[in-house]
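# Structural features, examined
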Amino acid sequence: MSLLFNTEWGYLEGITRGFKNGMLKHSDYLALTQCESLEDVMMNIQGTDYGNIFSNDRKFSVELIEKRLGEKLLNEFNYIRAHSTDPLSSFLEYIRYPYMIDNVALLIAGLNNNRPMKRLLEMCHPLGYFDQLAAIEVAMSSVELFNAVLIDTPLAKFIPPNFHEETFIEIDVEIVRGVLYRSYLESFYAFCKGLGGTTSNVMCKLLGFEADRRVITITVNALPTHLTAEDRLKMYPTCGNLPDLALRTLSEVSEYDRVRDVCNFAGYGDMFDNIERDTDGLIGLEDRFLMVEAKNNVQSYLQQFHYGIFYSYVKLKQLESRNIIWICECISQRQTDNVNAYIPIPLD
Amino acid sequence: MSEPTEPSIEASGPETISSTEEACCLLDSLHLHIYHLLEDQAVQNHQLSRETSKARLILARVRLQEGNQRTSAEAQLPRYRPFKALCRLVEEAGPWGTIIKLIRSAVEPNRGYFQPVTFIFGALVPSSLRVASRKWEHCVDQIVDCANTQRELQATMVSIRHLRRSLSLQGVHK
């Protein structure tokens, strides 16, 4: 497998490892947290592997920095994608599907709120662009969106058979997103399992954690709402490490402490413990999941000749981008006491 | 603190001297009241500034936690779909003028009173966004307090002006 892997994808693995080695280290984060203005941050970023991404910009803002960081990742991903062959190219498409789902959810929400399609398309994530997205411009309502486009798009395979046009109006867009995402995650898991070898081992572990995280996060977020157990179960991916009994129990709990008890039993109790950091209680459940996710993605680089490094690179790079934006927000809001509350990526 | 009352303009005489003295005492009380109100205003502005800073930081935290998994808020803000506001501002008569009161209605989806954060952002709102929403609601309460303090301050200043004018007409206060 190693020999075959290098023949087809060795170059791309090398390139991706090079990209990963250029990610920000602890010393880079230290320098960024000591900046006093956004201009300082931009100058520091240009001294890293990001390079001269702000050369043509004069007005400095957090949105601009976020945009340029996203463009850098997009260029790198498109380069890898353009040089890949199957099944890696299918694997890379799976990495893009969540962004497509987010874009579709944005279009549904926007159309339901009578937003102009042109404006909505500008807000879409570039990693989630697909050919038919341009044709979506003709859709004036979410019913037309369903009929005219989604059936023939890459997301068609994730739409459950009981979904119809009116679903997009009747059901909360977050539930639509949750159902699509569940379908995507299970499909991705099955695809990686089918690949076998190290890719299967690495990716099934990463995706299993993602599935469990989705279950727990959806449960916690749904606690103060009137979502039924059936609605929650529709969104719970089943490819994780949580057993079916835990999923059924979580779909019915109505108190935070009960969620904690079930997660203790399933091995995720540490997520609910307090972490002592001087951050005014900013660290929450999501942050703990992000920390574990970062650690798991860094560990995927300990093995060679598998596709997991491509997935991990995109995840780590996005987390890095979010960390930089957090630092920028703290600096622009003059709240530098909390600037160190970014999610650490253990690359050093 | 004694309530400021309108000074009475009397003809000169012993009664005038005592009413003038009362008016001067009243003027002193009003000045002292202004200083207390200025102090209250400074404290309230500081608290409001702290609360809005915390709320903005939590919103930034939501962006860090959710990343690209959240839909742009601009797409989700409802347009052309009227819904009833949970908060209403009413003006009521107070001891020194009109005061603003914030009335909050209970959440009743059957009657069109929706919880704004779930109505706009969907059913699965992250807990940090709910915390930010509560902080912003608290900010609205603090803004109402600031506005009332400002109104009381202005009413007190107007009372002082009236009192000074009437005292100067009596030829006492320059």
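Up top is the structure these notes are about.
This report concerns the structure included in the present document. Note on numbering: residues in each chain are counted from 1, in written sequence order. Both sets of labels track the order of writing: A upward for chains, 1 upward for ligands. Residues qualify for local features only when their pLDDT is at least 70, as the model is predicted, and side-chain atom pairs are given and counted only at 80 or more; totals for whole chains, interfaces and linings, by contrast, use all residues. Calculation of side-chain values draws on the structure's entire complement of heavy atoms; hydrogens and water are dropped beforehand.

## Description of the side chain of Glu 51 of chain B
Worth spelling out the cut-off: The numbering of helices and of strands both runs from the N terminus, where a helix is a DSSP run of H or I of at least 4 residues and a strand a run of E of at least 2. We call two residues contacting when some pair of their heavy atoms lies within 4.5 Å.
With respect to the helices, strands and loops of the structure, Glu 51 of chain B is situated in helix H1 (residues 14-66). Once residues lying within four places of it in the same chain are set aside, the contact partners of Glu 51 of chain B are Lys 135, His 138, Cys 139 and Gln 142 of chain B.

## Focus on the packing of helix H11 (residues 197-222) of chain A against helix H15 (residues 285-299) of chain A
The relative placement of two packed helices is expressed as an angle between their axes plus a distance between the axes. Residue and element names in this part refer to chain A. Applicable threshold: To get an axis, a line is fitted to the C-alpha atoms, and for a helix only the part in contact is used. The angle between two axes follows their N-to-C directions and goes from 0 to 180 degrees. By the definition adopted for this analysis, an angle is roughly parallel if under 35 degrees, roughly antiparallel if over 145, roughly perpendicular if from 65 to 115, and oblique otherwise. Each residue is assigned to one of three groups, with Ala, Val, Leu, Ile, Met, Phe, Trp, Tyr, Cys and Pro labelled nonpolar, Asp, Glu, Lys and Arg labelled charged, and all others, Gly among them, labelled polar.
It is at 11 Å that the axes of H11 and H15 come closest, and there the two elements cross at 175°. Regarding the angle of H11 to H15, the classification is roughly antiparallel. Only Leu 285, Glu 286, Phe 289, Leu 290, Val 292, Glu 293, Asn 296, Asn 297 and Gln 299 of H15 make contact with H11, whose side of the interface consists of Lys 205, Leu 206, Phe 209, Glu 210, Arg 213, Ile 216, Thr 217 and Val 220. Classifying every residue of the contact of H11 with H15 gives 8 nonpolar, 4 polar and 5 charged.

## Observations regarding the interface of chain A and chain B
Which entries qualify depends on this criterion: Defined in terms of a 1.4 Å probe, buried area is the accessible area two parts forfeit on being brought together, summed over both. Each reported salt bridge corresponds to a side-chain nitrogen of Lys or Arg within 4 Å of a carboxyl oxygen of Asp or Glu. We call two N or O atoms a polar contact when they sit within 3.5 Å, provided that within protein one can donate a hydrogen and the other can accept it, with sequence-adjacent residues counted only if both atoms are side-chain atoms.
Taken together, the contact pairs 44 residues of chain A with 33 residues of chain B. Carbon and sulfur atoms supply 50% of the area that chain A and chain B bury against each other, a total of about 3300 Å² over both sides. In this assembly, chain A and chain B are joined by 2 salt bridges. Across the pair Arg 61 of chain B and Asp 287 of chain A runs a salt bridge whose closest N-O atoms are separated by 2.7 Å. On the surface where chain A and chain B come into contact, there are 9 residue pairs in polar contact (both at pLDDT 80 or more).

## Topic: the packing of aromatic side chains
Residue and element names in this part refer to chain A. Here is the rule we go by: The criterion for an aromatic pair is that two Phe, Tyr or Trp rings (for Trp, the six-membered ring) have centres within 6.5 Å, with stacked assigned to planes under 30 degrees apart, edge-to-face to planes over 60 apart and tilted to the rest. Per-residue accessibility, obtained with a 1.4 Å probe over protein chains only, is compared with the maximum for each type, and a residue is labelled buried under 20%, exposed over 50%, and partly exposed between these values. Our definition puts a charge over a ring when NZ of Lys or CZ of Arg is within 6 Å of the ring centre and also within 35 degrees of the ring normal.
Scanning all chains against the criterion turns up 22 aromatic pairs over all chains. A centroid spacing of 6.3 Å and a plane angle of 45° characterise the contact between Phe 209 and Tyr 268, whose relative ring orientation is tilted. Here Phe 209, found in helix H11, pairs with Tyr 268, found in the loop between helix H14 (256-266) and H15; they are 59 residues apart in sequence, far enough to count as distant. Per residue, the accessibility class of Phe 209 equals that of Tyr 268, and both read buried. For Lys 20, the ring lying beneath its charged end belongs to Tyr 301, and the centroid distance is 5.0 Å. Here the guanidinium or amino end of Lys 317 rests over the ring plane of Tyr 50, the centre of that ring lying 4.2 Å away.

Limitation: the analysis is restricted to geometry and does not speak to function.
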